[in-house]
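Report on the structure
Residue strings, one per chain:
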Amino acid sequence: MTETPDNNTDDYNGNNSKEQKGRKLLRQLASSGDLATPLYGIFILGVLYTLYVAHQIILPITLAVLTSLLMAPAVRGARRRWRIPRGVTALVLILGLLAGMAGIGWAVSKPVMKWIEKAPESMSRLLVGGGGGITASLEQVTKSARKVQEQMESLSEGDEPTKVVVQSNSWQQTLFTKVRNGLTGLALALALSYFLLVSGDSLIRNFVRQLPRNDQRMVLRVVRDSQSQIAQYLAVISTSNFLVGLLTGLMCWAVGLPSPAVWGLIAGLARFVPYLGVIGTIGLLAVISATTLDELWMMAVAPLGYLALTSLVGFFIEPYIHGFRMSINPVVIFLSIFFWGWLWGAIGVLMAVPLMTVIQVVLRQIPTLRPIYRVIAR
């Protein structure tokens, strides 16, 4: 009796061999790098899209992590030296940070609102005082626009009017929504910072125990270096910004600018945003001086003095103190400010330099990422 071949078995074996060949081909492509690069690109685009879409969740978490990295050495030192519980030290630091932000907002808000109310009058006086050419040009543009509007109305007299209803939120409602979302995110960030300061070390230890021994040392070194780098950087930059703000306030008081303490505070806080904050403050001081003072040399004292102070501190004092810690190319810092500002707005601009500090530490500690650190370093 002759046995007939089993076609199903042959088909099954053929499909298996095809699948094995396909898997082998994929492994060869991935190992050769032909497929790895596109996959990495898709992964990076996915991460960026997630950061942009889920910013209301990711931004408070990132802010809380940076805050905990900054305050962790103080919490750990108080526990080691004076046996103060972590919860007590963390609560004092969080409340102090909240009180400082509220005090700065209260001190700046009233003078700034008064200046905003007087800004149109001051700017019109500046334009008129700067020459009649600008004012005449503005009046000519207004007359031309009025004539065009009259001609359009005369052409549309025979047509029936069309009612167009535009539903839009007022700027007050939009501002209220943004302020509410900002305060909610800030509250979540501060609450998470407190819990990270109290229980973050145990969470890190439990995570590190699950890793191989070599990776354990690397992760612990990254966390410790990040804490040290951010704390040292912010300590130095806060001290230098305080001195710059104090001297700027004294200069504003000497030339007779209104609310010199407020402008000194703004000048000091603006230096937390490298380059852009300084440029904006110089322009603001120039406008305030031009709309308030009469003498040309007095108008130049505040903006040029602030420029001289920031140049002296930025190019000589700060690099001498912590230049080896923030050893990133200024082009990379400038691009990171634009990137994080585009991604997360004004908060992203403020967080750009601390985030770059953490990224620098991570790139320097991980051997496979060290070539990228060499590229972005000075």
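Everything quoted here is computed from the prediction, not taken from an experiment.

This next bit is on a nonpolar patch on the surface. A cluster of nonpolar side chains, namely F242, L243, L246, L247, L250 and W253, defines an oily patch on the protein surface of about 670 Å² accessible area. The residue L243 is located in helix α7 (residues 213–255) in this model.

So, about helix α11 (residues 330–344). An α-helical segment advances 3.6 residues per turn. Residues three or four places apart therefore align on the same side. Spanning 15 residues, α11 covers 21 Å between terminal C-alpha atoms, matching the ideal 21 Å at 1.5 Å per step. Regarding α11, the residues found buried are I333, S336, I337, W340, G341, L343 and W344. Each buried residue of α11 lies within a common arc of 160 degrees when the element is viewed along its axis, so the set occupies one face. Across from the buried face of α11, at angles greater than 90 degrees, the exposed residues are V331, L335 and W342. In the segment just after α11, G345 is the residue with positive phi, at about 80 degrees.

Before going further, it helps to examine the pattern of salt bridges. In total, this model carries 2 salt bridges according to the counting rule given. In this structure, R76 engages D201 in a salt bridge whose closest nitrogen and oxygen atoms are separated by 3.8 Å. Here R76, found in helix α3 (residues 55–82), pairs with D201, found in helix α6 (residues 171–209); they are 125 residues apart in sequence, far enough to count as distant. In this pair, the class of R76 matches that of D201, namely buried. Across the salt bridge formed by D201 and R86, the nearest N and O atoms sit 3.0 Å from each other. Of this pair, D201 sits in helix α6 while R86 sits in helix α4 (residues 86–129), and the two are 115 residues apart along the sequence. Linked through salt bridges whose partners overlap, the residues forming this network are R76, R86 and D201.

A word on the UniProt feature "transmembrane region" (unreviewed entry) in the chain. The residues that UniProt annotates with the feature "transmembrane region" (unreviewed entry) are residues 29–51, 57–75, 87–108, 186–208, 233–256, 262–289, 296–317 and 337–363. From the first C-alpha to the last, residues 87–108 spans 32 Å; its make-up is 100% helix and 0% strand. Between the C-alpha atoms that bound residues 262–289 there is a distance of 14 Å. The span itself is 82% helix and 0% strand.

The subject of this paragraph is helix α12 (residues 346–365). Look at α12: 30 Å from first C-alpha to last across 20 residues, which is about the 28 Å you get at 1.5 Å a residue. The sharpest bend along α12 comes to roughly 45 degrees, located at A352, with the proline P354 sitting one to four residues further on. Most of α12 sits inside the fold, with 14 of its 20 residues counted as buried.

Rules of the game
- Residues numbered from 1 in each chain as written.
- Predicted model: local features only at pLDDT ≥ 70, side-chain atom pairs only at ≥ 80, totals over all residues.
- Heavy atoms only, no water.
- Patch = residues over 30% accessible without salt bridge, like charges linked within 9 Å, V, L, I, M, F, W, Y side chains within 5 Å.
- Areas by Shrake-Rupley, 256 points an atom, 1.4 Å probe, with all protein chains shown as cover.
- Salt bridge = Lys/Arg side-chain N within 4 Å of Asp/Glu carboxyl O.
- Helix = DSSP H or I, 4+ residues; strand = E, 2+ residues; numbered from the N terminus.
- Expected span 1.5 Å × (residues − 1).
- Buried < 20%, exposed > 50% of the residue type's maximum accessible area, 1.4 Å probe, protein only.
- Arc of directions from axis to C-beta.
- UniProt positions renumbered as here; feature names shortened; annotations may be inferred.
- Bend = angle between axes of the 7 residues up to and from the residue.

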